[in-house]
Structures are given as structure tokens and as C-alpha cells.
Amino acid sequence: MHIHLADQYHPGGGWLHRLDPRVKVVICLGFILTASLLPPGSWLSLAGLFLIALGAAWSSGLGATFALRRSLIALPFALAALTLPFTTPGERLLEWPALGLAVSRPGLIQAGSLLLRAWLAVQAAALLLGTTRFRELLWALEAVRVPAVVVALLGLTYRYIFLLADEALHMLRARRARSPGGRGPGIRWQARGAGGMVGALFLRALERSQRVHAAMLSRGYDGRARILQTRRLLPADTLALMLAFAGYGGLIAAALAAV
Amino acid sequence: MHIPDGFLSLPVALVGWGLTLALLAAALRRANAANQLPLMGVLAAFIFAAQAINFPVAAGTSGHLIGAALAAILLGPWRGMLTMTAVVSVQALVFQDGGLLVLGWNLFNMAALACFTGDLVYRRLGAPQGRRAGAAGFLAGWLSVMAAAAATSLQLAASGTVALRLALPAMLGVHALIGVGEGLITAGAVAFLRGVQPTVLARPAGASGDRRTAYLLLGLGLALVLTPLASASPDGLQRVAQQLAFDVKAEVAGTGLSKGYALSGVSSPTLATALAVALGAALLAGLGWLISRALARGES
């Protein structure tokens, strides 16, 4: 629902940047899975996950606050989770009978765990996307068995986003240049204008897609997208994968043993 | 409406992936995807760009597009769904709008459900035959947003993230307004295209196809998130998840590891916990090694 067209990739040369993209995808998904598996109230294990994320960001030269900045995006959903202490039954810690509100202990634990979990997951994804170029990510997705057609579709989409966004911005500038300011004749009129611009942009995109398709066919496109990549798994990649998973295993075991 | 990671419980997230993969497989079969790649790729980029075209509504807010209804109207529901799949996936994979583990449900809501809702409304109102195209476009846009918002709140409630009696009115209330922007722009675009180039609104052959599979899977998905909510215990799925976690713990206990007292024959709880942690670490490190072998084998 929000529009921002800033690629999350952050140029750099730390070890996270050099790690095999497939390994990074697996480690990141493992991190998010681990966070989701921890039972509510596993504060120590959640803190351990936070240290892993913080350590990874800091040791690869991204700066400790890198992943923290992106986590604001989850804010509207965090507000939803903040209602949990009031709606979960259980031992009451605080009560306002006049308002009909009460804060319960299990609700508080659940909401706290949930917010930490979500916050950690956002950081893991921020580290993956901040250190992996999109074409590397596509190659990694194909290696973990995402269908080739889907990977090719994502690649094509990404290639034209910035081009078409530029066209949309040109249209917006043209609209501004022809608007004398002040109030327009009303929302319906404004919306018709915006709808017309969307329609015009569609016609341009349609025409462009036909041109692109013809050009691809002329170069021998047969419906299969081939990604050129020669990265091989290095011992360091295997080591990173095993270390990360060992950390997850230890944290899950610690959380289960503590319950 | 892009759900971030962590706000859905693991079982709910996995159910979403199962349904979405089935929907995607059906869409790829029906859309002749390989030959339509340039069309769908460029048009997914178009939806992105169209989301930037806004107009002022009131009090500093502005109306703009999500685009699912428009994609379904212009491309048919299956190809529209694939196009929106590219949009929502790239939003998650490049711009970090929405999570990865929960991407299954985000695709279900904003690509599949929104497209098929928009398509159903638009066709039912007779718009493809040229009657009431603007009004049909408006309703298709508005209802596609409302359907996705309602489904999102059901998934959040089924995960135990928020009570449904709070989530549903809040989501529907906010999106009833957002949906007006969506509806007005969709209607404006349809009206513009009808005037300028009506041929693009006449569906190309094979663009629509059989929708029963989609309706079946979408209905199944909504039923699955509704069941735990309709049952006597409102957080049923959460209970199932906890039960599963307890079963795992019982199994751990069966192997000699349990509740902090851990390995049979080990008396000190601290030592036992340390051993449990070491065992867990060793097990998952082994899994990591197996995954790396599998990745290396795929290289050739």
C-alpha cells in the first residue's frame, strides 16, 4: 500500500556480500523459521537470535543499525498485536473496570514474543536483501527449486520497474505542469484524470511488451530463460551454513528445555 | 495489507504456501506462461508504476492503486494473478514489503483472491459486453480490496495475532476508504481505454478459461482460516500448534531429553540443558551440511 521504489541492495564487500546467495537464502529462511518455532516467552533464545543478526550485520561492515532501520515497516501490524494483552484470557496484572479493560499476563507474553519475532524476521530479510543483488537472488531461487518460469517472470518484472516508474513520474510532472494549483473540481474529476493516466500508461506498457517479445524472439528466445552464473559452493559457504544452523538448533533446544 | 514475517503462526503460514502453490500451478498451466512472459513481466512493472499515480483525496491522504482488479480486467484472472504474483513477490524480495515465510498468504490475498474477485464482479455486471463498464470497474476495484482485507484479518486472527472482533472491523473500515481510490482509478482506466482503444478490453481467446479450480482453492483457503475461528475455542489453530510443540517435547523426552532435567542419568539440570543445546546444535548443523551437499550436487 506504500510506494517506495528504493532497491534494498546496499553495496559492500563484507563476508555477507561474498557468501553464496543460495546459502544466504537458506540461512535467512532458517532464521525466520526458528523465530516462528520458538514458544512464547523464550526470551533468552530470542535474544540469541538478535545477537546473531546484530553480529552478522556488524561483522560484515554494514553497521549494527542497518537491519534495525527497515523494521519500521511492520508498524501497522504491530499495532494490531498490541491489542493482545487486552483480549487474551488469563491472570490479570492490571485492571480498569470502569473502562472494561484488563491486561493479562499470558497476553502480554504473547504480544511481546510476537513483536520480537516479527522484528527479528524483518532484520534477517533486510540482511539478505541488503547484501544480495536481485539477479543473484533469482539464481538462488532457481537453485532451491522455484520453477524457472516464475524466476524468469520476476527477472523481467524487475528489469522494467524503474523504466515504467520513470514514465509514470514524467506523466505526473506533466500533470503538475498543467495544473494551476488551488482546489480541483472534486475527487471524481481528479480520479478520472488519474485513471486516464493509468490507462495511457497501460497502452505504452502493452506496446513495449510486444516490442520486447518480438526482440526476444528475434534473438532466439524459446520460452526458457537461462541465467548465466558460475558460482560454486565453497568450503566457507558450507561452514557458514552449518554454523548458522547449529546456532538455530541450540537456541530451539534451549527454548524447549526451558519450558 | 502486506503481512510482515512473524505475524502469522507457522502452521497458518505453511497452509497458505500449500494453497498458493496449488493456485500458481493451475495458473501456469492455463496461462501458457512461457509465451506470455514478456507481456506479464512488462505489465507487472506497469502495475508497479501505476501504483505511483495518485490523486489527492482528503486530509492529506491520497488515493492510489493496488492493481489486482485492473490486472484481472485487462489480462483475464489467471494471467492477472500471475502478473500480480510477480508484483507482490518483487515487493517482498526487493523492497521488503511483506514477509518471506508469509508470502504464501500475501500472494493468496493480493494476487489470487483480489484478481478473481475483481474478475467475477466485472463479468457479473456485464462490463465485457460494454454495459456499465465504469461502474463495474469501480465495484470490481473496491470489492477486490475489501476481499483481500477481510482475508488478511482472518489469517491474522487464525494465528492468534489479534482478535477477529477487532481486526475485521478495523481492516474493513480502513480499506473501505482505500478501496474507493482503487475503484475510482480502475473505473477511470477502464473508461479511458474504452474510449481510446476498446480492442484491449475485448479479451483475447484463452485469457479467461476455467475458473472452477481457483474458486475451489480460494474457498478452501478461506474455510481453513475460518474453521478455528468458528469453533468453540477461538484460538483453535494456536492450540493445535501448541499441542504439536508439546508432542515434539514429549518425543524429546522419549529420547531421554525433557523439561530442563533432560538426559536420563544426568543429575545436574544445568549440565542437562547444556547437553540438550549441544545435541540440538549438532543435529541442525548436520542438516545444514546435508543442505550444502544438495546445493553442490545441483551445480553440475
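Whatever comes next refers back to the structure up there.
Residues numbered from 1 in each chain as written. Chains lettered and ligands numbered in written order. Predicted model: local features only at pLDDT ≥ 70, side-chain atom pairs only at ≥ 80, totals over all residues.

Draft legend 1. Summary view of the overall build of chain B. For chain B, the count of helices and strands is ten helices and two strands. Mapped in sequence order, the helices and strands of chain B form the string α-α-β-β-α-α-α-α-α-α-α-α. Across the 300 residues in chain B, those meeting the buried criterion constitute 56%. Across chain B, contacts joining residues at least 24 apart in sequence account for 70% of those joining residues at least 6 apart. (Helix = DSSP H or I, 4+ residues; strand = E, 2+ residues; numbered from the N terminus. Buried ≥ 20, exposed ≤ 12 C-beta atoms within 10 Å, placed from the backbone. Contact = placed C-beta atoms within 7 Å.)

Draft legend 2. Structural detail: the overall build of chain A. Within chain A, the regular secondary structure consists of eleven helices and two strands. For chain A, the N- to C-terminal ordering of α and β elements is α-α-α-α-α-α-β-β-α-α-α-α-α. In terms of overall size, chain A is more extended than a compact globule, its C-alpha atoms giving a radius of gyration of 24 Å where 259 residues would be expected to give roughly 18 Å. Seen through its C-alpha atoms, chain A measures out along the principal axes to roughly 65 × 60 × 30 Å. For chain A, with 259 residues in total, the buried portion stands at 44%. Expressed as a percentage of contacts within chain A between residues at least 6 apart in sequence, the contacts between residues at least 24 apart total 73%. (Rg over C-alpha atoms; globule rule 2.2 N^0.38 Å.)

Draft legend 3. Representation of the interface of chain B and chain A within the structure. Every contact between the two is made by 88 residues of chain B and, on the other side, 93 residues of chain A. Elements with a minimum of two residues in the side of chain B that touches chain A: α1 (10-30), α2 (33-50), β1 (55-56), α4 (77-93), α7 (164-196), α9 (236-254) and α10 (269-297) of chain B. In terms of residue class, the side of chain B that touches chain A is made up of 64 nonpolar, 19 polar and five charged. (Nonpolar A, V, L, I, M, F, W, Y, C, P; charged D, E, K, R; others polar.)

Draft legend 4. Seen up close, the packing of helix α6 (residues 133-158) of chain B against α7 of chain B. Residue and element names in this part refer to chain B. Remark: α6 packs on α7, axes separated minimally by 6 Å, with the N-to-C direction vectors making an angle of 155°. Classified by the interaxial angle, the pair formed by α6 and α7 is roughly antiparallel. α7 is crossed by α6, and the crossing has right-handed handedness. Its residues placed into classes, the contact of α6 with α7 shows 23 nonpolar, nine polar and two charged. (Axes fitted to C-alpha atoms, helices over the stretch in contact; angles between N-to-C directions. Parallel < 35°, antiparallel > 145°, perpendicular 65-115°, else oblique. Left-handed = near helix turned anticlockwise from the far one by under 90°.)

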